[in-house]
Amino acid sequence: AASSFIRRCWYPERGCNESSACSDMRQLFAARTEVAMLPKGSECLHPTYIATGTRFPHGIMEGNHLDTLRFPGEHWHKCCFSKGSNPRLTCEKVDVQNHDTLLNEHGGYCGTRWCAGYWDRCLVVNRQENPHFRTERPGVCPRACPNECSREAHRLECINIGLEPETGHEGSEAVQGAFGESKPYQVYSLRSPWLPAACAWAGAGRRGA
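Residues numbered from 1 in each chain as written. Predicted model: local features only at pLDDT ≥ 70, side-chain atom pairs only at ≥ 80, totals over all residues. Heavy atoms only, no water.

Engineer: Describe the pattern of salt bridges, listing the residues and the values that go with them.
Structural biologist: Counted by the stated rule, this structure contains 8 salt bridges. E173 is paired through a salt bridge with R7; the nearest N and O atoms lie 2.8 Å apart. On the criterion of sequence distance, the pair formed by E173 in the loop between β9 (148-160) and β10 (174-176) and R7 in strand β1 (residues 7-8) is long-range, its members being 166 residues apart. Among the residues examined, E173 registers a relative accessible area of 15% and is labelled buried. For K78, the salt bridge is made with E157, and the minimal N-O distance between the two is 3.0 Å. With K78 in strand β4 (residues 74-81) and E157 in strand β9, this pair connects stretches of sequence that are 79 residues apart. Taken as a pair, K78 and E157 share a single burial class, namely buried. (Salt bridge = Lys/Arg side-chain N within 4 Å of Asp/Glu carboxyl O. Helix = DSSP H or I, 4+ residues; strand = E, 2+ residues; numbered from the N terminus. Buried < 20%, exposed > 50% of the residue type's maximum accessible area, 1.4 Å probe, protein only.)

The structure is reproduced here in structure tokens:
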């Protein structure tokens with residue numbers, strides 16, 4: 001059976017009924033250190049991708065045109081854990097490569113991985129822009145300014161979040177590959193205002209009855 005690889009922490013009002021995995025991650029993320037550049041490779045301990053903002057169960061797509069697929073209101077951070085017995089999070093807010101660019105300019109690939117599926121996200125990590133990049137190599141900069149131009153460097157990382165957890169369930173943050181192997185990252189969703197808000201309003205109505 002298909003699995004969910006995202007821990008959906010949408011219900012802080014559950015209090016003690018919320019899992020410790022969600023409440024602990026919520027506290028760590030609230031106390032995070034935000035940076036412009038994260039450590040690379042193995043220097044980023046326990047890489048964790050966290051979705052915030054409005055997170056709908058399904059994206060929006062025009063007809064059957066996959067290149068129009070988008071997820072409005074969904075925001076992402078990539079985070080690394082610190083060493084020690086009291087770990088903290090260092091996080092970078094990252095952009096998501098849209099499906100139009102992925103499919104029409106990169107053939108669906110995010111770096112070296114195909115990443116244009118419904119449950120995939122291609123994240124732009126460690127984006128750097130040098131407005132005064134200089135080079136003597138031909139073809140690097142436009143012909144009008146062959147030796148100096150604005151140049152951007154970044155890394156593309158593909159993550160898979162699997163299916164949505166069943167209603168009322170948080171799911172799991174542990175990501176598995178096609179053959180059941182564990183992937184070296186975890187995924188959380190910490191907020192979805194439209195559903196918790198609706199639950200809160202309904203609960204307030206019952207208490208006021």
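Engineer: Provide a residue-level description of the state of the cysteines, including the pertinent values.
Structural biologist: This structure, assessed with the given rule, holds 6 disulfides. Residue C44 pairs covalently with C80 via a disulfide, S to S 2.0 Å. Because the sign of the S-S torsion sets the handedness, a value of about -100° for the bond joining C44 and C80 places this disulfide among the left-handed ones. Within this pair, whereas C44 is found in the loop between β2 (33-34) and β3 (45-53), its partner C80 is found in strand β4, the two being separated by 36 residues in sequence. The pair C44 / C80 is uniform in exposure class, with both members buried. Two residues share a disulfide in this structure: C110 and C122, whose sulfurs sit 2.2 Å from each other. Of note, the bridge from C110 to C122 carries an S-S torsion of about 80° and is right-handed in sense. Residue C110 is found in strand β6 (residues 109-110), and its partner C122 is found in strand β8 (residues 120-134); the two are separated by 12 residues along the sequence. (Disulfide = S-S within 2.5 Å.)

Engineer: How would you sum up unusual backbone geometry? Please name residues and give values.
Structural biologist: In this structure, H46 is a non-glycine residue whose phi angle is positive, near 45°. Relative to the helices and strands, H46 resides in strand β3. In the Ramachandran plot, N126 falls in the positive-phi region, its phi being about 55° despite a non-glycine side chain. Looking at the element boundaries, N126 is found in strand β8.

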